[in-house]
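# Reading the structure
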Amino acid sequence: MQAVLTVDLGAVAGNWRLLRDRAAPGAVAGVVKADGYGLGAAPVAGALLAAGCRHFFVAHLAEGVALRAAIGPGPLIAVLNGFAPGADEDAALLPVLNGLPDIAAWSAAARAAGRQLPALLHVDTGMARLGLAPAEVEALAADPSRLAGLDLRYVMTHLACADEPEHPLNRDQAARFAAARARLPAMPASFANSSGMFLGPDFASDLARPGCALYGINPTPGRPNSMRQAVRLAAPILQLREIPRGTTVGYGASWAAPRPTRIATVAAGYADGYLRSLSGRAAGILAGRPVPLVGRVSMDLITFDVTDVPGVAPGDLVELIGPGNTPDEVAERAGTIGYEILTSLGARYRREIRTA
Ligand SMILES: *Cc1c(COP(=O)(O)O)cnc(C)c1O
């Protein structure tokens, strides 16, 4: 018996449409890095394409090559981490140029090819991670010929604190982005991620880049989630057993039954991305009722106290993630963020894709 991961592509497409309407007249991309945040980049991109999405972002070159094979020619696919000229195996991927060395390499490749090469330019305004540092922007302003041969489709930047609307860095980044744009050749801009799309008009641009919200993560933490849930993870009960009061359950004997207890052993564990930090902290949903996870999360198994749910039988499914147990809620209990819950989703689940 195997856990079932149900991916609701209708919800993903619905979330994209909601964001598209919010961003208009700007366009909205789909960020499908990390295998579509664990949901499956190819099916997710197919659903977004059908909804009208024409811009996709991945992190790695290999993700871009696979995505191009899945969605065919036409839509823009940008590789956030960049790649060397010619490395994309004719997949027509666009590199994100993250510094002067990237720019030099691609400009030289354009000269050698005798044609313009399309790319995106990334300006760092507050992450100190990837993207042109302020001095690099100045170097381009002083010598725009460094950009020769580059067909720059967008200049982008990335927000560090978009999920904290009051954080002063948001405003600073908007100002720094505007200042950097003024020093560069005119071109369309790409600014907000999911949460950034909810920060107001200063964060609007020609192309928003939402990821997490497409997959149901709340882009407005602390406020109601306007996104539909796209993932349900349900794992089957392998065995039920009655244990007397005082019996310990699982590794480390970390939990002892405070009363005669019925334990359901369920087929999922940390090897499936059900994080070990959920030990003793999570709940599943069985027959519409919350059941507490007891004892430690093992590699392949977890245990629930189902004493209070009548009529439980082996094979019954315990919902681990779903509308009543969202990735954000599971993350909260695990001490992490919904992104990590989704991108940790394992390879051993039977995946069912719903398109309705
Ligand atoms: C991951 C990523 C996004 C999407 O961010 P979300 O918070 O998931 O919406 C957008 N832009 C860049 C550069 C990213 O790395």
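Please read these numbers as outputs of a predicted model, since none were measured by experiment. (Residues numbered from 1 in each chain as written. Predicted model: local features only at pLDDT ≥ 70, side-chain atom pairs only at ≥ 80, totals over all residues. Heavy atoms only, no water.)

## A short note on a nonpolar patch on the surface
- Together, Met1, Leu238 and Leu301 make up a nonpolar patch on the protein surface, roughly 280 Å² of accessible area in all.
- With respect to the helices and strands, the residue Leu301 is situated in the loop between β16 (289-292) and β17 (302-305). (Patch = residues over 30% accessible without salt bridge, like charges linked within 9 Å, V, L, I, M, F, W, Y side chains within 5 Å. Areas by Shrake-Rupley, 256 points an atom, 1.4 Å probe, with all protein chains shown as cover. Salt bridge = Lys/Arg side-chain N within 4 Å of Asp/Glu carboxyl O. Helix = DSSP H or I, 4+ residues; strand = E, 2+ residues; numbered from the N terminus.)

## A few points about the pairing of strand β18 (residues 317-321)
- Among the five residues that make up β18, four are buried, leaving the element largely enclosed by the rest of the structure.
- Bridge count for strand β11 (residues 231-243) against β18 is four bridges, and the pairing is antiparallel. Bridge pairing in β18 links Pro236 to Leu317. (Buried < 20%, exposed > 50% of the residue type's maximum accessible area, 1.4 Å probe, protein only. Pairing = 2+ DSSP bridges.)

## Topic: the pairing of strand β14 (residues 261-266)
- Within β14, five of the six residues are buried, leaving the element largely enclosed by the surrounding structure.
- Taken together, the six bridges between β11 and β14 define a ladder with antiparallel strand orientation. The partner of Ile237 across the bridge, within β14, is Val266.
- In this structure, β14 lies alongside β17, joined through four bridges in antiparallel fashion. For Val266, the partnering residue across the bridge sits in β17 and is Ile302.

## What about the UniProt feature "binding site: substrate" (unreviewed entry) in the protein?
- UniProt's feature table lists "binding site: substrate" (unreviewed entry) at Arg129 and Met299, given in the numbering used throughout. Spanning 171 residues, the named residues are also spread out in space, since their farthest C-alpha pair is 33.6 Å apart.
- Relative to the elements of secondary structure, Arg129 occurs in the loop between β7 (117-122) and α6 (134-142).
- Classification of Arg129 by relative accessible area gives exposed; the value is 59%.
- When sequence neighbours within four positions are dropped, the list of residues in contact with Arg129 reads Asp124 and His158.
- Along the chain, the position of Met299 falls in the loop between β16 and β17.
- With near-sequence residues (within four places) excluded, Met299 lies in contact with Gly269, Tyr270, Ala271, Asp272 and Arg348. (UniProt positions renumbered as here; feature names shortened; annotations may be inferred. Contact = heavy atoms within 4.5 Å.)

## Re the pattern of salt bridges
- Within the structure shown, the criterion is met by 12 salt bridges.
- Asp308 serves as the salt-bridge partner of Arg259, at 3.2 Å between the closest nitrogen and oxygen. A residue pair is termed long-range when its members are at least 10 positions apart, and Arg259 in the loop between β13 (255-256) and β14 and Asp308 in the loop between β17 and β18 qualify at 49 residues.
- With a shortest N-O distance of 2.9 Å, Asp300 and Arg348 are connected by a salt bridge. Of this pair, Asp300 sits in the loop between β16 and β17 while Arg348 sits in the loop between α9 (338-343) and β19 (350-354), placing them 48 residues apart in sequence.

## Comments concerning helix α3 (residues 41-51)
- Listed as buried for α3 are Ala41, Val44, Ala45, Ala47, Leu48 and Ala51. Take α3 and look down its axis: the buried residues cluster within an arc of 160°, on one side only.
- A positive backbone phi angle near 115° is found at Gly52, which sits one or two residues after α3. (Arc of directions from axis to C-beta.)

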